[in-house]
Amino acid sequence: SIALEHGSHRLGKRTDEMMQTWRNYGLGQFIHWGLYAIPGGHWEGKYYGGAAEWIRSWKDMPNEAYDELYKEFDPQNFDPRAWAKQAKSLGAKYMIITTKHHDGFCLWPSEYTDYDVTNSPYGKDIIGPLVEAYDAEGIDVYLYFSVMDWNHLGYRSKLETEEDREAYEGFKEFTRNQLLELLDLYPTTKGLWFDGTWDAAWKEQAAFADKLETEMREKIPGLIIGSRFRPDDYGNRHFDSNGDLMGDYEQGWERKLPETFEDTKGNDWDCVMTVPENQWGYHSDWRGHVKTSFELIEMLVKSVSLNGNFVMNFGPDGQGSIREEETKLAAEIGDWMDVNHEAIYGCGYLDWKKQDWGYYTKNRETGKVYMVVFNRPLNGALRVKTPSKIGLEKVYSLKEPSVTYEPEEVHKDEYFIHLKESKTSKGPVVIVIEPTKEKQQEGTEYQK
Ligand SMILES: Cc1ccc([C@@H]2N[C@@H](C)[C@@H](O)[C@H]2O)cc1
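Computed from a prediction, not measured in an experiment: that's the story for all the values here.

This part covers the packing of helix H3 (residues 80-90) against helix H4 (residues 127-136). For any two helices packed against each other, one specifies the inter-axial angle together with the distance between the axes. Where H3 contacts H4, the axes come no closer than 8 Å and their chain directions differ by 40°. The angle between the axes of H3 and H4 places the two elements in the oblique class. The chirality of how H3 crosses H4 is right-handed. Across the interface between the two elements, Pro 80, Arg 81, Trp 83, Ala 84 and Ala 87 of H3 pack against Pro 129, Leu 130, Ala 133 and Tyr 134 of H4. Along the lines of polarity and charge, the residues of the contact of H3 with H4 split into 8 nonpolar, no polar and 1 charged.

Spatial strand order, E11-E12-E13-E19-E15-E16: 6 strands in an open sheet with antiparallel pairing. Across the chains shown, the open sheet's two edge strands, defined by having one partner strand only, are strand E11 (347-348) and strand E16 (404-405). Of the strand pairs in this sheet, strand E12 (residues 358-363) and strand E13 (residues 369-373) are connected by 5 bridges, and their pairing is antiparallel. By the bridge assignment for E13, Gly 358 is matched with Val 373. Relative to the sheet, helix H8 (residues 293-305) contacts E11, E12 and E13, its axis offset from that of E12 by approximately 50°.

Bringing the nonpolar core into the picture now. Grouped together as the largest cluster of nonpolar side chains are 99 residues, with contacts concentrated most on Tyr 134 and Met 216. Considering each element in turn, this core owes the most residues, 7 residues, to helix H5 (residues 162-185). Ranked by size, the runner-up nonpolar core spans 20 residues in total, among them Ile 390, Ile 417, Val 429 and Ile 431.

Near the ligand you find His 32, Glu 53, Trp 54, His 101, His 102, Tyr 144, Trp 193, Asp 195, Trp 198, Glu 254 and Trp 280, and these make up its full shell. Within the contact set of the ligand, an oxygen atom lies 2.7 Å away from a side-chain nitrogen or oxygen of His 32. His 101 is positioned such that a nitrogen or oxygen atom in its side chain is 2.8 Å from an oxygen atom of the ligand. Computed on the free molecule, the ligand has an accessible area of 380 Å², of which 74% lies beneath the protein chains in the complex. Residue composition of the shell around the ligand, grouped by class: 5 nonpolar, 3 polar and 3 charged.

Here we come to the pairing of E12. Counting buried positions along E12 gives 6 out of 6 residues, so the element sits mostly inside the fold. In the sheet, E11 pairs with E12 via 2 bridges, with the strands oriented antiparallel. Among the inter-strand pairings, Gly 348 is bridged to a residue of E12, identified as Lys 362. Adjacent in sequence and paired antiparallel, E12 and E13 are bridged by 5 residues, among which Gly 367 carries a positive phi angle near 75°.

A few words now on the side chain of Asn 313. Among the structural elements, Asn 313 can be located in strand E10 (residues 308-314). The exposure class of Asn 313 is buried, given its relative accessible area of 2%. Of note is the side chain of Asn 313, whose polar atom sits 2.8 Å from the side chain of His 32. One polar contact links the side chain of Asn 313 to the main-chain carbonyl oxygen of Trp 280, over a distance of 2.9 Å.

The next subject is empty space enclosed by the protein. Tallied over the entire structure, the rule returns 1 cavity of 30 Å³ or more. Counted as a void, the largest cavity has a volume near 30 Å³. Every residue lining the largest cavity is listed: Trp 33, Gly 34, Leu 35, Tyr 36, Thr 98, Thr 99, Lys 100, His 101, Asp 103, Phe 105 and Leu 107. Of the residues belonging to the lining of the largest cavity, the class tally is 5 nonpolar, 4 polar and 2 charged.

Per the counting criterion, the structure on display carries 0 disulfides. Summary of cysteine pairing: Cys 347 is not part of a disulfide, and the nearest cysteine sulfur, belonging to Cys 271, is at 18 Å. What makes Cys 347 buried here is its relative accessible area of 3%.

This part takes up the pairing of E10. Two faces make up the sheet, and in a regular strand the side chains alternate between them. The element E10 is largely enclosed, with a buried count of 7 among its 7 residues. Here E10 shows no split at all, with Gly 308, Phe 310, Met 312 and Phe 314 on one side and Asn 309, Val 311 and Asn 313 on the other all buried. Sheet topology places strand E1 (residues 27-31) next to E10; 5 bridges connect them, and they run parallel. Along E10, the bridge assignment pairs Ile 31 with Phe 314. Sheet topology places strand E9 (residues 269-273) next to E10; 5 bridges connect them, and they run parallel. Considered in E10, the bridge of Trp 269 is made with Gly 308. With H8 bridging E9 and its parallel neighbour E10, the resulting β-α-β unit is right-handed.

Parameters and conventions
- Residues numbered from 1 in each chain as written.
- Predicted model: local features only at pLDDT ≥ 70, side-chain atom pairs only at ≥ 80, totals over all residues.
- Heavy atoms only, no water.
- Axes fitted to C-alpha atoms, helices over the stretch in contact; angles between N-to-C directions.
- Helix = DSSP H or I, 4+ residues; strand = E, 2+ residues; numbered from the N terminus.
- Parallel < 35°, antiparallel > 145°, perpendicular 65-115°, else oblique.
- Left-handed = near helix turned anticlockwise from the far one by under 90°.
- Contact = heavy atoms within 4.5 Å.
- Nonpolar A, V, L, I, M, F, W, Y, C, P; charged D, E, K, R; others polar.
- Pairing = 2+ DSSP bridges.
- Core = buried A, V, L, I, M, F, W, Y, C linked by side-chain atoms within 4.5 Å.
- Buried < 20%, exposed > 50% of the residue type's maximum accessible area, 1.4 Å probe, protein only.
- Near = heavy atom within 4 Å.
- Polar contact = N/O pair within 3.5 Å; in protein donor to acceptor, adjacent residues only side chain to side chain.
- Areas by Shrake-Rupley, 256 points an atom, 1.4 Å probe, with all protein chains shown as cover.
- 1 Å grid on protein atoms, 1.4 Å probe; cavity = no way out; pocket = protein on both sides within 12 Å on 5 of 7 lines; lining within 4 Å.
- Points joined across faces, edges and corners; volume = space filled by probe spheres on them.
- Disulfide = S-S within 2.5 Å.
- Right-handed = clockwise from strand over helix to strand, strands pointing away.

Rendered as C-alpha coordinates:
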(Lines give C-alpha, C1' and ligand atoms only; values in the text may rest on other atoms or scores of the structure.)
Protein backbone atom coordinates (compact mmCIF):
# COMPACT_ATOMS: atom_id res chain seq x y z
CA SER A 1 0.00 0.00 0.00
CA ILE A 2 0.97 3.63 -0.50
CA ALA A 3 2.37 5.51 2.50
CA LEU A 4 -0.10 8.26 3.34
CA GLU A 5 0.03 10.87 6.08
CA HIS A 6 -3.46 12.21 5.38
CA GLY A 7 -5.35 9.20 4.14
CA SER A 8 -8.09 7.29 5.90
CA HIS A 9 -7.50 7.20 9.66
CA ARG A 10 -9.68 4.20 10.42
CA LEU A 11 -10.14 0.88 8.73
CA GLY A 12 -13.61 -0.58 9.02
CA LYS A 13 -16.74 0.98 10.41
CA ARG A 14 -17.08 3.28 13.40
CA THR A 15 -18.86 1.29 16.10
CA ASP A 16 -19.47 4.03 18.69
CA GLU A 17 -22.97 4.94 19.80
CA MET A 18 -23.25 8.15 17.71
CA MET A 19 -22.43 6.20 14.58
CA GLN A 20 -24.82 3.38 15.52
CA THR A 21 -27.51 6.04 15.88
CA TRP A 22 -26.58 7.44 12.47
CA ARG A 23 -26.77 4.08 10.67
CA ASN A 24 -30.14 3.36 12.25
CA TYR A 25 -31.78 6.60 11.04
CA GLY A 26 -33.05 5.20 7.73
CA LEU A 27 -34.77 8.43 6.62
CA GLY A 28 -33.45 11.99 6.62
CA GLN A 29 -34.55 15.39 5.35
CA PHE A 30 -32.25 17.70 3.36
CA ILE A 31 -33.19 21.40 3.34
CA HIS A 32 -31.66 23.66 0.68
CA TRP A 33 -32.54 27.26 1.50
CA GLY A 34 -30.83 30.53 0.70
CA LEU A 35 -30.84 33.59 -1.55
CA TYR A 36 -31.36 31.39 -4.64
CA ALA A 37 -34.93 30.78 -3.38
CA ILE A 38 -35.74 34.43 -4.17
CA PRO A 39 -35.29 34.22 -7.99
CA GLY A 40 -36.55 30.61 -7.83
CA GLY A 41 -35.03 29.67 -11.19
CA HIS A 42 -36.05 32.78 -13.12
CA TRP A 43 -34.46 36.14 -13.83
CA GLU A 44 -36.00 39.10 -15.65
CA GLY A 45 -38.76 36.85 -16.94
CA LYS A 46 -36.40 34.19 -18.29
CA TYR A 47 -36.55 30.55 -17.20
CA TYR A 48 -33.29 28.99 -15.94
CA GLY A 49 -33.05 25.32 -16.83
CA GLY A 50 -30.23 24.50 -14.41
CA ALA A 51 -30.36 23.71 -10.71
CA ALA A 52 -31.96 26.72 -9.00
CA GLU A 53 -29.21 27.04 -6.38
CA TRP A 54 -26.68 27.46 -9.22
CA ILE A 55 -28.50 30.37 -10.89
CA ARG A 56 -25.64 32.75 -10.04
CA SER A 57 -23.51 30.82 -12.57
CA TRP A 58 -26.11 31.34 -15.33
CA LYS A 59 -24.93 33.63 -18.15
CA ASP A 60 -28.26 35.56 -17.94
CA MET A 61 -27.82 36.31 -14.23
CA PRO A 62 -25.16 39.00 -13.61
CA ASN A 63 -23.10 38.15 -10.52
CA GLU A 64 -23.69 41.64 -9.16
CA ALA A 65 -27.46 41.20 -9.47
CA TYR A 66 -27.30 37.93 -7.56
CA ASP A 67 -25.01 39.36 -4.89
CA GLU A 68 -27.54 42.14 -4.23
CA LEU A 69 -30.31 39.63 -3.48
CA TYR A 70 -29.43 39.56 0.23
CA LYS A 71 -31.07 43.00 0.40
CA GLU A 72 -34.38 41.26 -0.40
CA PHE A 73 -34.05 38.31 2.01
CA ASP A 74 -36.95 38.75 4.41
CA PRO A 75 -38.78 35.38 4.73
CA GLN A 76 -41.73 36.39 6.89
CA ASN A 77 -43.35 32.95 6.50
CA PHE A 78 -40.33 31.16 8.00
CA ASP A 79 -41.71 28.93 10.76
CA PRO A 80 -39.03 26.51 12.00
CA ARG A 81 -41.41 24.72 14.35
CA ALA A 82 -43.81 24.04 11.50
CA TRP A 83 -40.94 22.69 9.39
CA ALA A 84 -39.83 20.44 12.26
CA LYS A 85 -43.38 19.19 12.86
CA GLN A 86 -43.73 18.33 9.18
CA ALA A 87 -40.39 16.49 9.26
CA LYS A 88 -41.62 14.56 12.29
CA SER A 89 -44.77 13.48 10.50
CA LEU A 90 -42.69 12.55 7.44
CA GLY A 91 -40.75 10.24 9.77
CA ALA A 92 -37.33 11.82 9.24
CA LYS A 93 -34.85 10.97 11.99
CA TYR A 94 -32.29 13.58 10.96
CA MET A 95 -32.15 16.82 9.01
CA ILE A 96 -29.31 18.42 7.02
CA ILE A 97 -29.58 22.22 6.59
CA THR A 98 -27.54 24.40 4.22
CA THR A 99 -25.74 26.83 6.50
CA LYS A 100 -23.80 28.24 3.52
CA HIS A 101 -24.15 27.09 -0.09
CA HIS A 102 -21.72 27.86 -2.93
CA ASP A 103 -22.91 31.50 -3.11
CA GLY A 104 -21.32 32.13 0.28
CA PHE A 105 -24.42 33.63 1.92
CA CYS A 106 -24.54 32.54 5.57
CA LEU A 107 -27.85 31.67 7.24
CA TRP A 108 -26.23 32.23 10.64
CA PRO A 109 -24.71 35.41 12.15
CA SER A 110 -21.06 34.89 11.24
CA GLU A 111 -18.35 36.97 12.83
CA TYR A 112 -16.16 36.41 9.74
CA THR A 113 -18.27 37.92 6.99
CA ASP A 114 -20.92 40.61 6.41
CA TYR A 115 -22.57 38.38 3.81
CA ASP A 116 -24.98 36.83 6.25
CA VAL A 117 -28.57 37.04 7.49
CA THR A 118 -27.84 39.80 10.00
CA ASN A 119 -27.25 42.17 7.07
CA SER A 120 -30.49 41.23 5.33
CA PRO A 121 -33.89 42.82 6.07
CA TYR A 122 -34.77 39.64 7.96
CA GLY A 123 -31.82 40.39 10.24
CA LYS A 124 -32.02 37.30 12.46
CA ASP A 125 -30.31 33.92 12.80
CA ILE A 126 -32.05 31.19 10.77
CA ILE A 127 -29.91 28.21 11.83
CA GLY A 128 -30.36 28.60 15.59
CA PRO A 129 -34.18 28.47 15.60
CA LEU A 130 -34.07 25.55 13.16
CA VAL A 131 -31.67 23.57 15.37
CA GLU A 132 -33.86 24.32 18.39
CA ALA A 133 -37.10 23.34 16.64
CA TYR A 134 -35.70 20.08 15.27
CA ASP A 135 -34.01 19.18 18.56
CA ALA A 136 -37.39 19.73 20.25
CA GLU A 137 -38.97 17.22 17.83
CA GLY A 138 -36.18 14.73 18.53
CA ILE A 139 -34.78 15.04 15.02
CA ASP A 140 -30.96 15.21 14.90
CA VAL A 141 -29.49 18.19 13.05
CA TYR A 142 -26.53 18.09 10.66
CA LEU A 143 -24.99 21.16 9.07
CA TYR A 144 -24.33 21.31 5.32
CA PHE A 145 -21.32 23.52 4.54
CA SER A 146 -19.96 24.38 1.11
CA VAL A 147 -16.17 24.86 1.07
CA MET A 148 -16.51 26.47 -2.37
CA ASP A 149 -17.55 30.09 -1.71
CA TRP A 150 -18.17 32.37 -4.68
CA ASN A 151 -18.46 35.42 -2.42
CA HIS A 152 -15.14 35.26 -0.61
CA LEU A 153 -12.32 37.18 -2.32
CA GLY A 154 -9.74 34.61 -1.26
CA TYR A 155 -11.60 31.64 -2.78
CA ARG A 156 -9.78 29.99 -5.72
CA SER A 157 -10.75 26.93 -7.71
CA LYS A 158 -7.08 26.40 -8.56
CA LEU A 159 -3.78 27.79 -7.31
CA GLU A 160 -1.70 29.06 -10.23
CA THR A 161 0.11 32.17 -9.05
CA GLU A 162 1.82 33.24 -5.86
CA GLU A 163 -1.06 35.69 -5.40
CA ASP A 164 -3.52 32.81 -5.60
CA ARG A 165 -1.67 30.96 -2.89
CA GLU A 166 -1.52 33.94 -0.60
CA ALA A 167 -5.21 34.72 -1.08
CA TYR A 168 -6.11 31.08 -0.52
CA GLU A 169 -4.31 31.02 2.83
CA GLY A 170 -6.71 33.72 3.96
CA PHE A 171 -9.62 31.71 2.58
CA LYS A 172 -8.50 28.59 4.47
CA GLU A 173 -8.35 30.54 7.74
CA PHE A 174 -11.81 31.98 7.02
CA THR A 175 -13.15 28.48 6.33
CA ARG A 176 -11.67 27.10 9.55
CA ASN A 177 -13.04 30.08 11.52
CA GLN A 178 -16.55 29.60 10.15
CA LEU A 179 -16.60 25.86 10.84
CA LEU A 180 -15.37 26.22 14.42
CA GLU A 181 -17.85 29.09 14.86
CA LEU A 182 -20.74 26.88 13.69
CA LEU A 183 -19.76 24.16 16.17
CA ASP A 184 -19.51 26.75 18.97
CA LEU A 185 -22.88 28.32 18.13
CA TYR A 186 -24.75 25.03 17.58
CA PRO A 187 -23.14 22.41 19.89
CA THR A 188 -26.07 19.97 19.55
CA THR A 189 -25.04 19.45 15.91
CA LYS A 190 -24.44 15.74 15.32
CA GLY A 191 -22.41 16.11 12.16
CA LEU A 192 -21.33 18.08 9.11
CA TRP A 193 -22.25 17.41 5.49
CA PHE A 194 -19.57 18.95 3.26
CA ASP A 195 -19.93 19.97 -0.36
CA GLY A 196 -17.94 22.01 -2.86
CA THR A 197 -14.66 20.19 -2.23
CA TRP A 198 -13.86 19.09 -5.80
CA ASP A 199 -11.64 22.11 -6.64
CA ALA A 200 -7.94 21.57 -7.47
CA ALA A 201 -7.08 24.21 -4.86
CA TRP A 202 -8.83 22.25 -2.11
CA LYS A 203 -7.38 18.94 -3.28
CA GLU A 204 -3.93 20.31 -2.38
CA GLN A 205 -5.01 20.88 1.23
CA ALA A 206 -4.64 17.36 2.65
CA ALA A 207 -2.70 18.49 5.74
CA PHE A 208 -4.94 21.50 6.43
CA ALA A 209 -8.14 19.51 6.04
CA ASP A 210 -6.80 16.66 8.16
CA LYS A 211 -5.87 19.00 11.00
CA LEU A 212 -9.19 20.84 10.73
CA GLU A 213 -11.21 17.63 10.74
CA THR A 214 -9.36 16.52 13.89
CA GLU A 215 -10.03 19.91 15.49
CA MET A 216 -13.75 19.68 14.71
CA ARG A 217 -13.98 16.15 16.06
CA GLU A 218 -12.28 17.31 19.27
CA LYS A 219 -14.76 20.15 19.61
CA ILE A 220 -17.76 17.83 19.41
CA PRO A 221 -16.78 14.24 20.27
CA GLY A 222 -18.59 11.73 18.10
CA LEU A 223 -19.16 14.30 15.33
CA ILE A 224 -20.06 12.55 12.09
CA ILE A 225 -18.28 13.68 8.92
CA GLY A 226 -18.67 11.99 5.53
CA SER A 227 -16.16 11.11 2.83
CA ARG A 228 -16.55 14.34 0.84
CA PHE A 229 -14.48 16.62 3.12
CA ARG A 230 -10.84 15.59 3.09
CA PRO A 231 -8.50 15.08 0.14
CA ASP A 232 -5.66 12.65 0.82
CA ASP A 233 -1.93 13.30 0.15
CA TYR A 234 -2.56 12.83 -3.60
CA GLY A 235 -5.81 14.80 -3.76
CA ASN A 236 -8.03 11.71 -3.72
CA ARG A 237 -11.43 12.15 -2.09
CA HIS A 238 -14.05 9.74 -0.80
CA PHE A 239 -11.52 6.91 -1.00
CA ASP A 240 -7.83 7.47 -0.35
CA SER A 241 -5.02 6.32 -2.65
CA ASN A 242 -5.21 2.87 -1.05
CA GLY A 243 -8.95 2.66 -1.65
CA ASP A 244 -9.84 3.15 2.01
CA LEU A 245 -12.89 5.24 2.91
CA MET A 246 -12.22 8.80 4.05
CA GLY A 247 -14.48 10.03 6.85
CA ASP A 248 -17.23 8.09 8.59
CA TYR A 249 -19.48 7.09 5.66
CA GLU A 250 -19.58 7.32 1.88
CA GLN A 251 -21.21 10.50 0.61
CA GLY A 252 -21.03 9.53 -3.06
CA TRP A 253 -24.66 8.71 -3.79
CA GLU A 254 -26.08 12.06 -4.87
CA ARG A 255 -29.24 11.67 -6.97
CA LYS A 256 -28.37 8.04 -7.53
CA LEU A 257 -28.53 4.73 -5.66
CA PRO A 258 -26.27 1.68 -5.47
CA GLU A 259 -27.73 -1.35 -7.28
CA THR A 260 -26.13 -4.15 -5.26
CA PHE A 261 -24.55 -4.60 -1.84
CA GLU A 262 -21.19 -4.93 -3.61
CA ASP A 263 -21.67 -1.39 -4.97
CA THR A 264 -21.61 -0.15 -1.37
CA LYS A 265 -18.26 -1.86 -0.66
CA GLY A 266 -19.81 -2.82 2.69
CA ASN A 267 -19.49 0.78 3.92
CA ASP A 268 -22.02 3.02 5.59
CA TRP A 269 -23.44 5.51 3.07
CA ASP A 270 -26.20 8.05 2.47
CA CYS A 271 -28.14 8.84 -0.69
CA VAL A 272 -29.32 12.45 -1.03
CA MET A 273 -32.19 12.81 -3.49
CA THR A 274 -34.06 15.63 -5.22
CA VAL A 275 -37.81 15.42 -5.81
CA PRO A 276 -37.56 16.75 -9.39
CA GLU A 277 -34.76 15.47 -11.62
CA ASN A 278 -32.22 18.05 -10.42
CA GLN A 279 -33.44 20.90 -8.20
CA TRP A 280 -32.10 21.34 -4.68
CA GLY A 281 -32.95 25.01 -4.10
CA TYR A 282 -36.45 26.36 -4.75
CA HIS A 283 -37.40 26.55 -8.46
CA SER A 284 -40.89 27.93 -9.04
CA ASP A 285 -41.32 25.96 -12.29
CA TRP A 286 -40.50 22.27 -11.84
CA ARG A 287 -40.21 20.70 -15.30
CA GLY A 288 -39.50 17.08 -16.22
CA HIS A 289 -40.21 14.15 -13.95
CA VAL A 290 -41.29 14.87 -10.37
CA LYS A 291 -40.99 11.76 -8.19
CA THR A 292 -44.11 10.27 -6.61
CA SER A 293 -44.23 9.18 -2.99
CA PHE A 294 -44.26 5.59 -4.27
CA GLU A 295 -40.92 6.14 -6.04
CA LEU A 296 -39.43 7.90 -3.02
CA ILE A 297 -40.59 5.10 -0.67
CA GLU A 298 -38.97 2.56 -3.00
CA MET A 299 -35.69 4.54 -2.94
CA LEU A 300 -35.90 4.71 0.86
CA VAL A 301 -36.50 0.97 1.21
CA LYS A 302 -33.81 0.13 -1.34
CA SER A 303 -31.35 2.35 0.57
CA VAL A 304 -32.10 0.69 3.89
CA SER A 305 -31.96 -2.78 2.29
CA LEU A 306 -28.36 -1.95 1.27
CA ASN A 307 -27.30 -0.49 4.67
CA GLY A 308 -27.74 3.16 3.65
CA ASN A 309 -29.73 6.21 4.73
CA PHE A 310 -32.09 7.99 2.34
CA VAL A 311 -32.21 11.80 2.56
CA MET A 312 -35.11 13.50 0.74
CA ASN A 313 -34.59 17.12 -0.27
CA PHE A 314 -36.91 20.06 0.49
CA GLY A 315 -36.41 23.51 -1.06
CA PRO A 316 -38.43 26.17 0.79
CA ASP A 317 -39.40 29.26 -1.22
CA GLY A 318 -38.11 32.81 -0.83
CA GLN A 319 -40.72 33.62 1.83
CA GLY A 320 -39.86 30.56 3.92
CA SER A 321 -42.81 28.36 2.95
CA ILE A 322 -42.56 24.66 2.13
CA ARG A 323 -44.10 24.22 -1.32
CA GLU A 324 -47.30 22.22 -1.65
CA GLU A 325 -45.78 19.40 -3.72
CA GLU A 326 -43.31 18.68 -0.91
CA THR A 327 -46.01 18.99 1.75
CA LYS A 328 -48.13 16.43 -0.13
CA LEU A 329 -45.19 14.01 -0.49
CA ALA A 330 -44.28 14.40 3.19
CA ALA A 331 -47.85 13.48 4.13
CA GLU A 332 -48.02 10.46 1.80
CA ILE A 333 -44.62 9.10 2.88
CA GLY A 334 -45.46 9.86 6.50
CA ASP A 335 -48.69 7.86 6.24
CA TRP A 336 -46.74 4.88 4.96
CA MET A 337 -44.05 5.32 7.62
CA ASP A 338 -46.71 5.51 10.37
CA VAL A 339 -47.62 1.92 9.54
CA ASN A 340 -44.30 0.51 8.33
CA HIS A 341 -41.44 2.36 10.09
CA GLU A 342 -40.46 -0.86 11.87
CA ALA A 343 -39.06 -2.06 8.53
CA ILE A 344 -36.93 1.10 8.26
CA TYR A 345 -35.64 2.37 11.61
CA GLY A 346 -32.76 0.31 12.96
CA CYS A 347 -32.80 -1.87 9.86
CA GLY A 348 -30.22 -2.78 7.28
CA TYR A 349 -28.95 -5.36 4.83
CA LEU A 350 -30.00 -9.01 4.88
CA ASP A 351 -27.95 -11.44 2.79
CA TRP A 352 -30.85 -13.54 1.52
CA LYS A 353 -31.07 -13.79 -2.26
CA LYS A 354 -32.74 -10.67 -3.71
CA GLN A 355 -36.15 -11.48 -5.24
CA ASP A 356 -38.14 -9.59 -7.89
CA TRP A 357 -41.08 -8.75 -5.61
CA GLY A 358 -39.06 -6.14 -3.65
CA TYR A 359 -36.56 -5.80 -0.83
CA TYR A 360 -35.60 -7.45 2.43
CA THR A 361 -34.60 -5.36 5.43
CA LYS A 362 -33.42 -6.79 8.71
CA ASN A 363 -33.72 -5.22 12.14
CA ARG A 364 -30.17 -5.17 13.50
CA GLU A 365 -31.33 -5.60 17.08
CA THR A 366 -34.15 -8.15 16.86
CA GLY A 367 -33.09 -10.03 13.74
CA LYS A 368 -36.66 -9.69 12.45
CA VAL A 369 -36.84 -9.81 8.65
CA TYR A 370 -39.12 -7.51 6.62
CA MET A 371 -40.29 -8.31 3.10
CA VAL A 372 -41.24 -4.99 1.48
CA VAL A 373 -43.35 -5.94 -1.53
CA PHE A 374 -43.39 -3.49 -4.44
CA ASN A 375 -44.03 -5.92 -7.31
CA ARG A 376 -46.93 -8.21 -6.44
CA PRO A 377 -46.50 -11.42 -8.51
CA LEU A 378 -49.46 -12.25 -10.74
CA ASN A 379 -50.07 -15.47 -8.75
CA GLY A 380 -49.58 -13.63 -5.44
CA ALA A 381 -46.83 -16.09 -4.50
CA LEU A 382 -43.72 -14.46 -3.03
CA ARG A 383 -40.62 -16.62 -3.50
CA VAL A 384 -38.29 -16.68 -0.49
CA LYS A 385 -34.93 -18.47 -0.51
CA THR A 386 -33.36 -18.70 2.92
CA PRO A 387 -29.95 -19.84 4.12
CA SER A 388 -30.13 -23.48 5.12
CA LYS A 389 -31.87 -24.47 8.34
CA ILE A 390 -33.68 -21.18 8.81
CA GLY A 391 -37.28 -21.85 9.83
CA LEU A 392 -40.16 -19.61 8.81
CA GLU A 393 -42.48 -20.44 11.68
CA LYS A 394 -43.63 -16.89 12.42
CA VAL A 395 -44.73 -14.90 9.36
CA TYR A 396 -47.32 -12.15 9.52
CA SER A 397 -48.47 -8.84 8.04
CA LEU A 398 -46.77 -5.82 9.62
CA LYS A 399 -49.92 -3.74 9.18
CA GLU A 400 -52.25 -6.46 10.52
CA PRO A 401 -50.22 -8.93 12.64
CA SER A 402 -53.37 -11.07 13.05
CA VAL A 403 -52.97 -11.88 9.35
CA THR A 404 -50.47 -14.73 9.53
CA TYR A 405 -48.83 -16.79 6.78
CA GLU A 406 -47.88 -20.44 6.50
CA PRO A 407 -45.03 -20.52 3.95
CA GLU A 408 -45.27 -23.39 1.45
CA GLU A 409 -41.88 -25.13 1.09
CA VAL A 410 -41.38 -25.78 -2.60
CA HIS A 411 -37.72 -26.83 -2.49
CA LYS A 412 -35.10 -27.20 0.23
CA ASP A 413 -34.91 -23.79 1.95
CA GLU A 414 -37.15 -22.28 -0.74
CA TYR A 415 -40.70 -21.21 0.05
CA PHE A 416 -43.76 -19.50 -1.44
CA ILE A 417 -45.58 -17.04 0.75
CA HIS A 418 -49.05 -16.49 -0.71
CA LEU A 419 -50.08 -12.87 -0.33
CA LYS A 420 -53.35 -12.25 1.51
CA GLU A 421 -52.92 -8.50 1.75
CA SER A 422 -55.81 -6.42 0.52
CA LYS A 423 -54.91 -4.75 -2.74
CA THR A 424 -56.23 -1.45 -1.45
CA SER A 425 -53.20 -0.61 0.65
CA LYS A 426 -51.42 2.47 -0.74
CA GLY A 427 -47.69 1.83 -1.09
CA PRO A 428 -45.83 -1.45 -0.59
CA VAL A 429 -47.08 -4.06 1.87
CA VAL A 430 -44.66 -5.39 4.45
CA ILE A 431 -44.53 -8.97 5.69
CA VAL A 432 -42.60 -9.83 8.82
CA ILE A 433 -40.60 -13.02 9.24
CA GLU A 434 -39.33 -13.95 12.67
CA PRO A 435 -36.84 -16.60 11.58
CA THR A 436 -36.17 -19.44 13.97
CA LYS A 437 -33.01 -21.50 14.08
CA GLU A 438 -33.70 -25.17 13.49
CA LYS A 439 -31.38 -27.77 15.05
CA GLN A 440 -28.79 -25.17 16.09
CA GLN A 441 -27.81 -23.54 19.41
CA GLU A 442 -29.83 -20.52 20.45
CA GLY A 443 -28.25 -17.12 19.86
CA THR A 444 -25.72 -18.09 17.21
CA GLU A 445 -25.49 -15.14 14.80
CA TYR A 446 -27.05 -16.32 11.56
CA GLN A 447 -26.60 -13.08 9.66
CA LYS A 448 -23.49 -11.17 8.76
C1 LIG B 1 -21.81 19.41 -10.16
C2 LIG B 1 -22.52 19.67 -8.85
C3 LIG B 1 -21.93 20.47 -7.89
C4 LIG B 1 -22.61 20.73 -6.69
C5 LIG B 1 -23.83 20.16 -6.45
C6 LIG B 1 -24.50 20.44 -5.15
N7 LIG B 1 -24.56 19.23 -4.31
C8 LIG B 1 -25.94 19.04 -3.92
C9 LIG B 1 -26.09 18.39 -2.56
C10 LIG B 1 -26.55 20.43 -4.00
O11 LIG B 1 -26.12 21.26 -2.92
C12 LIG B 1 -25.92 20.89 -5.31
O13 LIG B 1 -26.04 22.29 -5.50
C14 LIG B 1 -24.42 19.35 -7.39
C15 LIG B 1 -23.76 19.09 -8.60
